[in-house]
Amino acid sequence: MKTTFAILSLVAIPLVAMRANADEPLTFEQHVRPILKAYCLDCHGAGEKMKGGLDLRLKRFAEKGGKSGPVLVPGDPVKSLLLQRMKSGEMPTTEKKVPAEMIAVVEKWIKAGAEARRNEPASLPPGINITPDERAYWFYQPLKRVTPATFGPKDRIRTPIDAFVLTKLREKKLAFQADADRLTLIRRASLDLLGLPPSQKEIDDFLADNASDAYEKLLDRFLASPHYGERWARHWLDVVGYADSAGDGVADTPRPNAWRYRDYVIRSFNADKPLEQFVIEQLAGDEVAPGPWKNLKPDQVDRLAATGFLRTAPDPTASKAGQAEAEQVVVDTLKIVSSSLLGLSVGCAQCHDHRYDPIPQADYFRMRAIFEPAFNPGQWRGAGQRRISLFSDADRAKAAAIDQEAAKMQAAVNAKQQKYVDAAFEKELTRFPEKERDSLRKAFRTPAAKSTAEQKRLVAANPKLNISGGLLYQYNQAAADEIKKLQDAVNAKRALKPVEEFVDIANEVAGPIPLTKIFHRGDYRQPRNAVQPGDLTIAAPEGQRFEIAPKDAKTSSSTGRRLAFAKHLTRGDHPLFGRVMANRIWQHHFGRGIVNTPGDFGVLGERPSHPELLDWLATELVRQGWSMKKMHKLIMSSTAYRQSSRRTPAQDAVDGSNTLLGRYPLRRLDAEVLRDRILLTAGRLDRKQFGPAIGVVEDVVGQGNAPDDKPRRSVYLQVRRTKPVAFLAAFDAPTSELNCDRRAGTTSAPQALMLMNSDFILKQAGYFAARVRKETPADFERDRFAKIKSPRLAQYAAFAWREAYQRQATPQEIEVAVRFLGRQMVHLRANVKDAEFAALTNLCQQLLSSNEFLHVD
């Protein structure tokens, strides 16, 4: 990620600085200041004292110069020290030099007279202030709901979405593709919403439904499925960087209660919890459900579990609880919050004003002040100190009563056992001469600490007399059996005792409210000026930054800062939050967002392909009561979504990347969907929901492969930062990243090798083959294969095709499959007992590994 950022740093500013047309005049504000901000203002503008007395924040300041005199002479590049020192590499003094293409922009600007777009003020307050040009950037503008263009009936405008998309297509003389056929559509919708292919009954019912609203009813059924939440929760868990371990180096300490947050997300999606409430609970669930946290109701537990959103960052304090480690947790948490909810990388402003986006360092610490009462590095609380017991008073009373009853039962068992042990001892003692018995009896009954040397010798010399309850079976089997039965009854009674469970939360504690100060150069050991909690300055019109007023009391169990911030974000007109959340929904329906850098809408991010549509969706989300399910149905009802994925040379020539959506984008299944689909096709998928993470020993990267004996849906598999599941990692599931706003879509050799050789795929192919042989009806498509030499093999192949691809195999496919099975059986007969099963397993592996199985169109 750092490498990617460095590359973007080098290319993004030229794109901004050189965006002018060849005949467009260069200006200081639009073309030169972004370069100076990235490379020079840290020393010559950010601080109260300028190095060399040189201030480069304004053109007129550069003309005035510093201790070395003027550094800018309009019209004369040779005499402009600013340019000459860039060219020589003397400035900046850091390793990161100004690229040649940027220097060329500065030189061209100077040669043209070094113009400014507007009159500059005589002075500026300290710091790199936000300029009018920066405020004019599209992402910081108020949301604007534009009425889409009007089209005719032949244009297939089903929703306003289509009008926005078609407007862009028409600009390039393009149009929508024809609608996808109904079989394609149900497969697409099912994999999209549920992460699972449709059942054959669902397919048959949909294809037989001739009602005009058949598709809309299908969407309603899918959205009502409990598997919807499992699929869409995975998208959000990526964004927040969910893991079942702390990521503290090699230890990678498990987080035994993290799964409660995962289950909260799944339940929230299934219940269609308004996105507004969903975000508020994650930022401030402890303030929505304030303490004392005793005898908690399910909805209170849910809200507390929701704060797991703020506990997803890697936590090195799990191994080493120093302030530096605690500071890193705070830094990472702010990165997750800002990228997931605001679509900006505010972490770049931790040490200095953001070099690319208008985020002053003070804004970074204003945001930090919102969370510092809950995450105070100076008084750090580890995971154990953020753990709330879910034991109710009734649970404790029941546990105590069971303990008391079990203790009585145990005492009776112990007494009876001792009676049998004593009897066995006396019986064994009869084997010794009568004159020795008293000495032996006394030696074995005297506590070791009080034994004489002679008594210790007697005990050591006569081990057969050392009879205990565990050895009773050697002397009296009937008595041992009776004691075992009684002990089983005691254990059964103890098993009735309620298990104390916990939820890990983010919360504040009563006490002095920590004062947040700006750290000089981001160093927590150099605190400077104090700041009050608030939103980013750029997120509001000039002079209207949202700030949270301090509480009057010096101590409080909760400052209410996070709740105030959450309500501010979700008020309905926040320009950053609204666009970011609407974009995330769109992204997972089409494989790319309207802004294709969903965690960074700033200067380093991509520009929106359909800006008017994005704003319309952001406002529509609020109008729909923040309902995710309503937004799904709206998007999936559009022609843009329902069209075919067929490519045409004409479209590819104009829009090869399909940014304008002139066809539905063919997509490979996400790693978890692929694994779940394989398990389902093999007849192995366990649909049980919720509960603790499933520890996986198979397919762990670097640890070899073992059979998959945990066929739960992938969302329930344990996520270990240092031990990713190899199959999922190979297909681009997030591994060690802080969080993942957009998965990479790679095609690599390890993927092919995983599908060819991994124990997981080989085992599932075997299960699939066994299922095909067992479940293929005797009359399955019998008429089609009456004239085929091996009709049963043809039936197997046809059934496997239907289960893998949800469609009927073509005659050519059946012919090839039967020929393959026959040749495989001949080849394998000498080496395996069941050549037919082995051949069928190989065929099933090919189906599970095929592009048609791996993709959704």
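Details of the structure are given in the entry above.
Quick caveat, the model's predicted, so the values are computed rather than measured.

A. Expanded view of the overall build of the protein. If you tally the helices and strands in the protein, you get 34 helices and six strands. Going through the 857 residues of the protein one by one, you find that 53% of them count as buried. Residue pairs at least 24 apart in sequence account for 70% of intrachain contacts in the protein once pairs closer than 6 positions are excluded. Accessible area of the protein: about 39,200 Å², with a carbon and sulfur share of 54%. Between the mean site of the 129 positive side-chain charges and the mean site of the 104 negative ones, the protein shows a separation of 2 Å.

B. Spotlight on the packing of aromatic side chains. Applying the stated criterion across every chain yields a total of 29 aromatic pairs. Centre to centre, the rings of Y228 and F269 are 6.4 Å apart; their planes meet at 80°, and the pair counts as edge-to-face. With a gap of 41 residues between them, Y228 in helix α11 (residues 226-240) and F269 in helix α12 (residues 259-270) connect regions that are remote in the sequence. Members of the aromatic cluster, connected to one another through ring pairs, are Y228, W236, Y242, Y261, Y264, F269, F278 and F309. R182 extends its terminal NZ or CZ atom over the ring of F206, reaching a point 4.3 Å from the ring centre. The aromatic ring of F853 is capped on one face by R677, whose charged end is 4.5 Å from the ring centroid.

C. Representation of unusual backbone geometry. Cis geometry is found at the peptide bond from M91 to P92, where omega equals -5°. Relative to the helices and strands, P92 resides in the loop between α4 (81-88) and α5 (100-111). Cis geometry marks the peptide bond from G291 to P292; its omega dihedral reads 5°. Here P292 lies in the loop between α13 (275-288) and α14 (298-306). Despite not being glycine, D272 shows a phi value in the positive range, around 55°. With respect to the secondary-structure elements, D272 resides in the loop between α12 and α13. A positive phi angle is found at W626, which is not glycine, with a value near 60°. Positionally, W626 belongs in the loop between α23 (611-623) and α24 (628-636). The exposure class assigned to W626 is buried, which follows from its relative accessible area of 7%.

D. Main features of helix α29 (residues 749-757). Of the residues making up α29, those classed as buried are Q751, M754 and L755. Taken end-on, α29 shows its buried residues confined to a sector of 90°, consistent with a single buried face.

E. Just α5, in detail. With twelve residues, α5 extends 16 Å from end C-alpha to end C-alpha; this agrees with the ideal 16 Å at 1.5 Å per step. Of the positions making up α5, those classed as buried are M102, I103, V105, V106, W109 and I110. Looking straight down α5, one finds its buried side chains confined to an arc of 155°; they lie on one side. Turned more than 90 degrees from where α5 packs its buried face, A100 and K111 sit exposed. G113 occupies a position one or two residues after α5 and carries a positive phi of about 110°.

F. Examining the packing of α13 against α14 more closely. For the pair α13 and α14, interaxial distance at closest approach is 6 Å and the crossing angle is 130°. As the angle between them shows, α13 and α14 are arranged oblique. With respect to the hand of their crossing, α13 and α14 are arranged in left-handed fashion. Between α13, through E281, Q282, G285, D286 and V288, and α14, the contact on the second element is made entirely by R303, L304 and A306. Looking at the contact of α13 with α14, its residues break down into three nonpolar, two polar and three charged.

G. Molecular detail of the side chain of R386. Looking at where R386 falls in the secondary structure, it is placed in the loop between α16 (361-371) and β1 (387-389). No salt bridge forms around the buried R386; measuring N to O, its nearest opposite-charge neighbour D315 is 6.5 Å away. There is a polar contact of 3.0 Å between the side chain of R386 and the backbone oxygen of R381. Excluding residues within four positions of it along the chain, R386 makes contact with R311, A374, F375, W380, R381, V503, D504, I505, A506 and N507.

H. Local environment of the nonpolar core. W236, L283, F309, L341, F371 and L536 are the most contacted members of the largest nonpolar core, which totals 182 residues. Sort the elements by how many residues they give to this core and helix α31 (residues 791-805) lands first, with ten residues. Setting aside chain neighbours within four positions, we find L283 in contact with F309, L310, L341, F371, R562, F565, A566 and L569. The next biggest cluster of nonpolar side chains, apart from the first, holds 29 residues, and it includes Y39, L54, A62 and V71.

I. Structural view of the pattern of salt bridges. Applying the stated criterion to the full structure yields 68 salt bridges. A salt bridge links D238 to R234, with the shortest nitrogen-to-oxygen separation between them at 3.0 Å. Of this pair, D238 and R234 both sit in helix α11, four residues apart, roughly one helical turn. Note on accessibility: D238 and R234 belong to one class, buried. In this structure, the salt-bridge partner of R545 is E547, at a minimum N-O distance of 2.5 Å.

J. Spotlight on the environment of E500. By the secondary structure assignment, E500 is in the loop between α20 (477-495) and β2 (502-504). Along the backbone, E500 and S392 are 108 residues apart, and their C-alpha atoms lie at a distance of 9.2 Å. Excluding residues within four positions of it along the chain, E500 makes contact with S389, F391 and R396. A distance of 2.7 Å separates polar atoms of two side chains, one belonging to E500 and the other to S389.

K. Quick look at the side chain of S339. As for its position among the elements, S339 is in helix α15 (residues 323-342). One polar contact links the side chain of S339 to the main-chain carbonyl oxygen of K335, over a distance of 2.9 Å.

L. Representation of the packing of α11 against α12. Following both chains from N to C, one finds α11 and α12 inclined at 125°, their axes separated by 8 Å at the closest point. One finds that α11 runs oblique with respect to α12. α12 is crossed by α11, and the crossing has right-handed handedness. Residues P226, Y228, G229, E230, W232, A233, W236, L237 and V240 of α11 lie in contact with α12, whose contacting residues are Y261, R262, V265, I266, F269 and N270. Grouping the constituent residues of the contact of α11 with α12 by class yields eleven nonpolar, two polar and two charged.

M. The environment of V499, seen in detail. Within the secondary structure, V499 sits in the loop between α20 and β2. Sequence separation of V499 and R396 is 103 residues, and the distance between their C-alpha atoms is 9.8 Å.

Rules and cut-offs
- Residues numbered from 1 in each chain as written.
- Predicted model: local features only at pLDDT ≥ 70, side-chain atom pairs only at ≥ 80, totals over all residues.
- Heavy atoms only, no water.
- Helix = DSSP H or I, 4+ residues; strand = E, 2+ residues; numbered from the N terminus.
- Buried < 20%, exposed > 50% of the residue type's maximum accessible area, 1.4 Å probe, protein only.
- Contact = heavy atoms within 4.5 Å.
- Areas by Shrake-Rupley, 256 points an atom, 1.4 Å probe, with all protein chains shown as cover.
- Lys, Arg positive; Asp, Glu negative; His and termini not counted.
- Charge placed at Lys NZ, Arg CZ, Asp CG, Glu CD.
- Phe/Tyr/Trp six-rings, centres within 6.5 Å; stacked < 30°, edge-to-face > 60°.
- Lys NZ or Arg CZ within 6 Å of the ring centre and 35° of its normal.
- Arc of directions from axis to C-beta.
- Expected span 1.5 Å × (residues − 1).
- Axes fitted to C-alpha atoms, helices over the stretch in contact; angles between N-to-C directions.
- Parallel < 35°, antiparallel > 145°, perpendicular 65-115°, else oblique.
- Left-handed = near helix turned anticlockwise from the far one by under 90°.
- Nonpolar A, V, L, I, M, F, W, Y, C, P; charged D, E, K, R; others polar.
- Salt bridge = Lys/Arg side-chain N within 4 Å of Asp/Glu carboxyl O.
- Polar contact = N/O pair within 3.5 Å; in protein donor to acceptor, adjacent residues only side chain to side chain.
- Core = buried A, V, L, I, M, F, W, Y, C linked by side-chain atoms within 4.5 Å.

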